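So you can see what is in the structure, the chains are spelled out below.
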Amino acid sequence: MSLSDDNPKRYIRIGALRELLSNSLWFIPMLLVLTYGLAAELLVTHDRSMTEWVPYAFSGGPSSAQDLLSTIAAAILTMSTLVLSVTIVALQLASQQFSPRVMRAFFRDSGTKVAIGMLLGTFVYSLVVLRAVVPETATLDPFVPGAAVSVGFLLTLVALGMFIYYINHVAHSIRVVYIVDAVASETRGAIGRMMIGGSVPDPAAIPSRPPDHVVPNARNAGLVTDVDTAGLVGLARLHHCCIGVVPHVGDFVPHGAPIARVWHDPGHDDCPTASQICERLALSKERTMSQDVAFGFRQLVDIAERALSPAVNDPTTAVQAIDQIHDLLRRLVGASFPTGYYGDADGALRAFRPMHTWDDYVEVAFTEIRRYGHDSLQVHRRLRAAIADLLEVAGDDDTFTEPLIEQRRRLDRSARDGLPDSADRRLAMQGDEQGLGAD
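The shown structure was predicted, so the numbers you read here are calculated from the model rather than taken from an experiment.

A. Layout of the overall build of the chain. Secondary structure summary: the chain contains 16 helices and eight strands in total. Its C-alpha atoms give the chain a radius of gyration of 29 Å, clearly above 22 Å, the size a compact globule of 439 residues would have. Structurally, the chain occupies a C-alpha span of about 90 × 70 × 35 Å along its principal axes. In the chain, of all internal contacts separated by at least 6 residues, the share reaching a separation of at least 24 is 79%. Averaging the positions of the 38 positive and the 49 negative side-chain charges in the chain gives two centres separated by 3 Å.

B. Here's a closer look at unusual backbone geometry. For His240, which is not a glycine, the phi torsion comes out positive at approximately 55 degrees. Relative to the helices and strands, His240 resides in the loop between helix H9 (229-239) and strand S3 (241-245). Using a relative accessible area of 33% as the deciding quantity, one classes His240 as partly exposed. Although it is not a glycine, Asn313 sits at a positive phi angle of roughly 55 degrees. Tracing the chain through its elements places Asn313 in the loop between helix H11 (293-308) and helix H12 (315-332). On the accessibility criterion, Asn313 (60% relative accessible area) is exposed.

C. Broad picture of the sheet that holds strand S5 (residues 258-264). Ordered by their spatial adjacency, five strands build an open sheet running S1-S5-S3-S8-S7, and the pairing between neighbours is mixed. A strand with exactly one partner marks an edge of an open sheet, and here the two such strands are strand S1 (213-216) and strand S7 (341-343). Ignoring strand direction, the axes of neighbouring strands in this sheet form an average angle of 25 degrees. Both S1 and S5 contribute to a ladder of four bridges, which runs antiparallel. Bridge pairing in S5 places Pro216 opposite Pro258. Contacting S3, S7 and strand S8 (349-352), H9 runs over the sheet at an angle of about 150 degrees to S3.

D. Broad picture of the pattern of salt bridges. In this structure the tally under the stated criterion is 25 salt bridges. The partner of Arg108 in a salt bridge is Glu186, with the nearest N and O atoms 3.3 Å apart. Pair noted here: Arg108 is in the loop between helix H5 (103-107) and helix H6 (110-132) and Glu186 is in helix H8 (residues 176-194), with a separation of 78 residues, a long-range link. Where Asp265 meets Arg350, a salt bridge forms, and the shortest distance between an N and an O atom there is 2.7 Å. Placement of the pair is Asp265 in the loop between S5 and helix H10 (274-278) and Arg350 in strand S8, with a sequence separation of 85 residues. Arg350 carries the same exposure label as Asp265, and that label is buried.

E. Broad picture of the nonpolar core. One finds Phe297, Ile325, Leu329, Trp358, Phe366, Ile369 and Leu404 to be the most contacted residues of the largest nonpolar core, which totals 51 residues. Looking at this core, the elements that each hand over two or more residues are helix H4 (62-97), H5, H8, H11, H12, helix H13 (358-372), helix H14 (377-394) and helix H15 (398-418). Ranked by residues supplied to this core, first place goes to H11 with 10 residues. Setting aside anything within four residues of it in sequence, one finds Ile369 in contact with Val301, Ala304, Leu308, Ile322, Ile325, Val379 and Leu383. Listed in part, the 34 residues of the second largest apolar core include Met50, Val133, Val144 and Val170.

F. Layout of a nonpolar patch on the surface. Together, Phe153, Leu154, Leu157 and Val158 make up a nonpolar patch on the protein surface, roughly 370 Å² of accessible area in all. Checked against the element boundaries, Leu157 lands in helix H7 (residues 146-173).

G. The arrangement of the sheet that holds strand S6 (residues 281-284) in detail. An order of S4-S2-S6 is seen for the three strands of this open sheet, with the pairing classed as antiparallel. This sheet does not close on itself; its edge strands, each paired only once, are strand S4 (252-253) and S6. When strand S2 (residues 222-227) meets S4, the two strands line up antiparallel, connected through two bridges. From the neighbouring strand, Gly222 faces S4, where its bridge partner is Val253.

H. A look at H8. Here H8 spans 27 Å end to end across 19 residues, near enough to the 27 Å set by a 1.5 Å rise per residue. Of the positions making up H8, those classed as buried are Val176, Ile179, Val180, Val183, Ala184, Glu186, Thr187, Ala190, Ile191 and Met194. For H8, the buried positions fall inside an angular range of 165 degrees around the axis, keeping them on one side.

I. Structural context of the environment of Leu383. Examined against the element boundaries, Leu383 turns out to sit in helix H14. Owing to a relative accessible area of 2%, Leu383 belongs among the buried residues under this scheme. Taking C-alpha positions, Leu383 is 44 Å from Ala218, a pair spaced 165 residues apart along the chain. With sequence-adjacent residues up to four places away left out, Leu383 is seen in contact with Ile322, Phe366, Ile369, Arg370 and Leu411.

J. Geometry of the packing of aromatic side chains. One pass over the structure, following the stated rule, counts seven aromatic pairs. Each ring, one from Trp263 and one from Phe352, has its centre 5.6 Å from the other, and the planes form 35 degrees; the classification is tilted. Of this pair, Trp263 sits in strand S5 while Phe352 sits in strand S8, and the two are 89 residues apart along the sequence. Residues Trp263 and Phe352 agree in their burial class; the two are buried. When the centroid spacing of 6.3 Å and the interplanar angle of 40 degrees are considered together, the rings of Phe337 and Phe400 count as tilted.

K. Structural context of the pairing of S3. Counting buried positions over the five residues of S3 gives five, a clear majority of the element. Of the two faces of S3, both are covered, the one formed by Cys241, Ile243 and Val245 as well as the one formed by Cys242 and Gly244. Where S3 lies against S5, five bridges are found, and the strand directions are antiparallel. Along S5, the bridge assignment pairs Gly244 with Arg261.

About the cut-offs
- Going along each chain's sequence as written, the residues are numbered from 1 onward.
- Owing to the predicted nature of the model, reporting of local features is limited to residues with pLDDT of at least 70; listing and counting of side-chain atom pairs is limited to 80 or more, with chain, interface and lining totals taken over all residues.
- As a convention, hydrogens and water are excluded, and side-chain values are obtained from all of the structure's heavy atoms.
- Starting at the N terminus, helices and strands are each numbered in turn, a helix being any DSSP run of H or I of at least four residues and a strand any DSSP run of E of at least two.
- C-alpha atoms define the radius of gyration in this analysis, and the globule rule sets the expected value at 2.2 Å times the number of residues to the power 0.38.
- In what follows, residue pairs with any heavy atoms lying within 4.5 Å of each other are defined as contacts.
- Charge counting follows a simple rule: Lys and Arg are positive, Asp and Glu are negative, and His as well as the terminal groups are ignored.
- In plain terms, the charge of a residue is placed at NZ if it is Lys, CZ if Arg, CG if Asp and CD if Glu.
- Throughout this description, buried means an accessible area under 20% of the type-specific maximum (1.4 Å probe, protein chains only), exposed means over 50%, and partly exposed covers the range between.
- Here, strands pair whenever DSSP counts at least two bridges between them.
- Only the contacting stretch of a helix is used when fitting its axis, a line to C-alpha atoms as for every element, and angles between N-to-C directions run 0 to 180 degrees.
- Should a side-chain nitrogen of Lys or Arg be within 4 Å of a carboxyl oxygen of Asp or Glu, the pair is scored as a salt bridge.
- The definition of a nonpolar core used throughout is a set of buried Ala, Val, Leu, Ile, Met, Phe, Trp, Tyr and Cys residues joined through side-chain atoms within 4.5 Å.
- Candidate patch residues must exceed 30% relative accessible area and have no salt bridge, after which like charges are joined if within 9 Å and Val, Leu, Ile, Met, Phe, Trp or Tyr side chains if within 5 Å.
- Working definition of accessibility: Shrake-Rupley area with a 1.4 Å probe, residue cover restricted to the visible protein chains.
- Helix span, expected: 1.5 Å multiplied by one less than the number of residues in the helix.
- The arc in question is formed by the directions pointing from the helix axis toward the C-beta atoms.
- Note on aromatic contacts: the rings of Phe and Tyr and the six-membered ring of Trp form a pair at centre separations within 6.5 Å, being stacked when their planes are under 30 degrees apart, edge-to-face when over 60 apart, and tilted otherwise.

What follows is the structure, encoded as structure tokens:
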């Protein structure tokens, strides 16, 4: 995460742009539409030289070409409308059945975007080629771009195949196993990005006195989605100070609320402006997975909670979410968590930020599912199996084992309170990877 001093907004802007394009439903389709339109123009321009060597080139007259292209355009537009309608319905179903936050998985799904783009691109291609057909008149010679018309027919067959693929794709994409896997996959990527960086500071370098300046949020309210630590280090070095970020990534920051604290180096009193510091932090309307591992756990927990609600009562779906939570926590056991402290080239502490710890991830992963699933034998057994496995992986490291042991104690109390039958309570004390699978 490097940032040049002469362009302090570059890192944040690039990250925001990347997130915007990844979550947009228009970018990839627009690229494909432009590509198809340019291809049509090129084929029409060079059609006379290509018709001779294009096999099975269209050989009909202008009226036949116009009829064919008009039919293609009308049919493709109908399929495109159906695809867009199915996409909206799928988004609504996912939002209502699982969680509004899992809609990110659909927005980032490239298969849907490519299908929409190819269909709309074929429609635009047909219109561009149709425009080039010249019927025979008293003043104009007829012109039929045979090669372009033939390619249009081929693109129609490809679009039909893409339409069939899309129907199959969207039918599978609204299944819970696909959604939880997509969320978990993105969370694994965030873990890989965040489990690096930072250094262990000299305790004497950590500011213990009150800050010299408290920097308020100078922008509109929003959720912190990205922190450019390299940019903060460069800014602090330039002004001979230490900058401490106040909110966690994922926290909501109202306008005017403290967003950073500044401590001057001895003998210096120069302070960065609020806008300079705020430029190094990205605020958005919703959380993202750029630097927010906890948001991945949040989405999976939401899916489990929705499944355990009395209106749904689907503990098997909750178990599928716990499966992925188990995998994510297993990747974090024993990991070197980022310290959140960052120094300059001379080793001086220049910036620090609050970071989520192992205790935080364990708490968000287990607490709410345990409470909502207090009367579900299947959830009890799956949670117990996950905790037992994580304890085995953690070994004798108290940093990782103590939060897990505490969660197991709470699970015991929850079983006593939520399962009145003594036989069920005894069964709940036995971990099971399937919840209620074969022992």
